[in-house]
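# Examining the three-dimensional arrangement
Single-letter residue listing:
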Amino acid sequence: MTSILLFLLSLSSLSLSLSHGLRTELNHIDARGKYTKLELLQRMVLRSKSRARYLSSKFLNANSQISIQSHPSNQEYLISLSIGTPAQPVALTLDTGSDLIWTQCQPCLQCFNQPLPLYNPSNSSTFSDLSCDSDLCKALPNSACHKQCLYSYTYGDGSLSVGVLGNESFTLGSTTVPNIGFGCGFLNGGIFQSNESGIAGFGRGPLSLISQLGYGKFSYCFTSISESKNGPVLFGNAADLKMGAKGKIQSTPFITNPSAKSFYYLTLNGITVGPTHLKIPKSTFALRENGTGGVYIDSGTGMTYLAETAYNQVKTAFLSQVKLPVVNSNVEGLDLCFGFSNSTSQKIEIPIFTFHFEGADLELPVGNYLSGDLSRGSLCLIMGKSSDESTIIGNFQQQNIHILYDLEGGKLSFAPAQCDQL
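Below you will find a few notes about this structure. Being a predicted model, the structure only gives us computed values, none of them experimental.

In terms of regular secondary structure, the protein chain is built from 5 helices and 28 strands. Looking at the protein chain as a whole, 55% of its 422 residues qualify as buried. Contacts spanning at least 24 positions in sequence make up 72% of the contacts within the protein chain whose residues lie at least 6 apart. When the accessible surface of the protein chain is split by element, carbon and sulfur atoms take 52% of a total near 17600 Å².

In structure tokens, the structure reads:
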């Protein structure tokens, strides 16, 4: 009788916790490194270029039988959680552009280096294999059945993760949630960073963490890449933009790309730089019938990439409005930099940059689009030209903006915030 009461109490406690939502922490992948601001920018830009290139490859091959996933090692923010009973900590990259949750596992045939111990399912009393007939196994893009549901994720650079689809308890913050399906990777290789254990997919498909948790919404707030402070990831009722908002809360609807259903596409109507509303044709940001083009927000890409027509006009506007000489960039991959003298009290007029989404205007903080090596008198535009027709809103532009994905309401909401104080 006592054991039954304890079981019922545990279920009641879990139900109450879930109804209030969940919270866990995330930080930048370079937060523990001793990098200068210039080095941080360089690392972010190089990761961004690689990530954007492989995302472009994915969409160009959307109608073929070749599956090219996004590059796993070029993502930016790590989410802290634990797996199993007793709990084993893992650090997974938060990726709104994919669905599968996976981590490296013991015993491992091939694994990349990570600072945390490998998750060992043999040490957990709550691990079990998912059957080949399970809905999650059927949802895998590449799977095989050999008494267990085996998955294989191959990425555009040749990196891969192969393993078993399992069922396990996940602990986020102080709450443990049972029966989460995830990939237990025993063969993992390629160009990975040294800080992550795997990937937490936050896409719109059934395999993602947000879909399995069953919450209709989640939010995150990215701290500056130059800080080592944590920001939150919030689920359910805990995802509330009124908490800590330092400005107006605005919303814009999601649209769906049938060729990339996991991604969060938005309608972008235009861009303003300073007083100038740029004359960018609306077709520049349109999602095409073949799945190319369009605008999507991505947690895993560092800086924003604009479709070529839009980028060219943005660059021209900054050249016209910033009254500083153009200098060569100290950061590979940045196209436009300005020079100034630290020895004078020169006042620098910086134009405001605004994205005009459907029903919402996102005015970026200056530090979210202009940065550089101030000690050397260099200030660069932190945006790039897309290699295809799409536009990616990267996480550098999302710093210190609390962003909420309302899946039930079909909209993205945002408000300025101090992310480390939420």
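Let's shift gears to the state of the cysteines. On inspection of all chains with the given rule, the structure shows 6 disulfides. The disulfide that involves Cys137 links it to Cys149, with 2.1 Å between the sulfurs. Handedness here is read from the sign of the S-S torsion; for Cys137 and Cys149, about 95°, the answer is right-handed. Of this pair, Cys137 sits in helix H3 (residues 135-139) while Cys149 sits in strand S7 (residues 149-154), and the two are 12 residues apart along the sequence. Looking at Cys149, the relative accessible area reads 0%, which means it is buried. If the cysteines joined by disulfides in the protein chain are listed in sequence order, their pairing comes out as 1-8, 2-3, 4-6, 5-7, 9-12, 10-11.

Let us now look at the pairing of strand S24 (residues 378-381). Residues of S24 alternate between two faces, with Ser378 and Cys380 on one and Leu379 and Leu381 on the opposite face, all of them buried. As defined by bridge partners, strand S23 (residues 370-371) adjoins S24 across 2 bridges and the pair is classed as antiparallel. The partner of Ser371 across the bridge, within S24, is Cys380. Where S23 folds back on S24, the antiparallel hairpin that results is connected by 6 residues, among which Gly372 adopts a positive phi of roughly 160°.

A separate point is the nonpolar core. Core analysis: the largest hydrophobic core is formed by 89 residues, its most contacted members being Leu209, Phe235, Ile271, Phe318, Phe353 and Phe355. At 7 residues, the largest contribution of residues to this core is made by helix H2 (residues 37-60). Non-local contacts of Phe355, meaning those with residues more than four positions away in its chain, are made with Leu268, Gly270, Ile271, Thr304, Leu306, Ala360, Asp361, Leu362, Leu364, Met383 and Ile393. Of all hydrophobic cores here, the second largest spans 14 residues; its members include Phe112, Cys132, Leu136 and Cys149.

Another aspect to go through is the pattern of salt bridges. Two side chains carrying opposite charge are able to pair once their charged atoms lie near each other. Summed over all chains, the structure comprises 5 salt bridges. Among the ionic pairs, Arg43 bridges to Asp30, the shortest N-O distance being 2.9 Å. One end of the pair, Arg43, is in helix H2; the other, Asp30, is in the loop between strand S1 (22-28) and H2, with 13 residues separating them in the sequence. In this structure, Asp420 engages Lys229 in a salt bridge whose closest nitrogen and oxygen atoms are separated by 3.8 Å. Within this pair, whereas Asp420 is found in the segment after strand S28 (411-416), its partner Lys229 is found in the loop between strand S11 (217-221) and strand S12 (231-235), the two being separated by 191 residues in sequence. When its relative accessible area of 24% is taken as the criterion, Asp420 is described as partly exposed. With relative accessibility at 42%, the residue Lys229 sits in the partly exposed group.

Strand order in the open sheet made by the 4 strands is S19-S20-S24-S23, with antiparallel pairing throughout. A single partner strand is all that each edge strand has here, and the edge strands are strand S19 (326-327) and S23. Inspection of the sheet shows strand S20 (residues 337-339) paired to S24 by 3 bridges, in the antiparallel sense. Within S24, the residue paired with Phe338 across the bridge is Leu379.

Calculation criteria
Residues numbered from 1 in each chain as written. Predicted model: local features only at pLDDT ≥ 70, side-chain atom pairs only at ≥ 80, totals over all residues. Heavy atoms only, no water. Helix = DSSP H or I, 4+ residues; strand = E, 2+ residues; numbered from the N terminus. Buried < 20%, exposed > 50% of the residue type's maximum accessible area, 1.4 Å probe, protein only. Contact = heavy atoms within 4.5 Å. Areas by Shrake-Rupley, 256 points an atom, 1.4 Å probe, with all protein chains shown as cover. Disulfide = S-S within 2.5 Å. Pairing = 2+ DSSP bridges. Core = buried A, V, L, I, M, F, W, Y, C linked by side-chain atoms within 4.5 Å. Salt bridge = Lys/Arg side-chain N within 4 Å of Asp/Glu carboxyl O.

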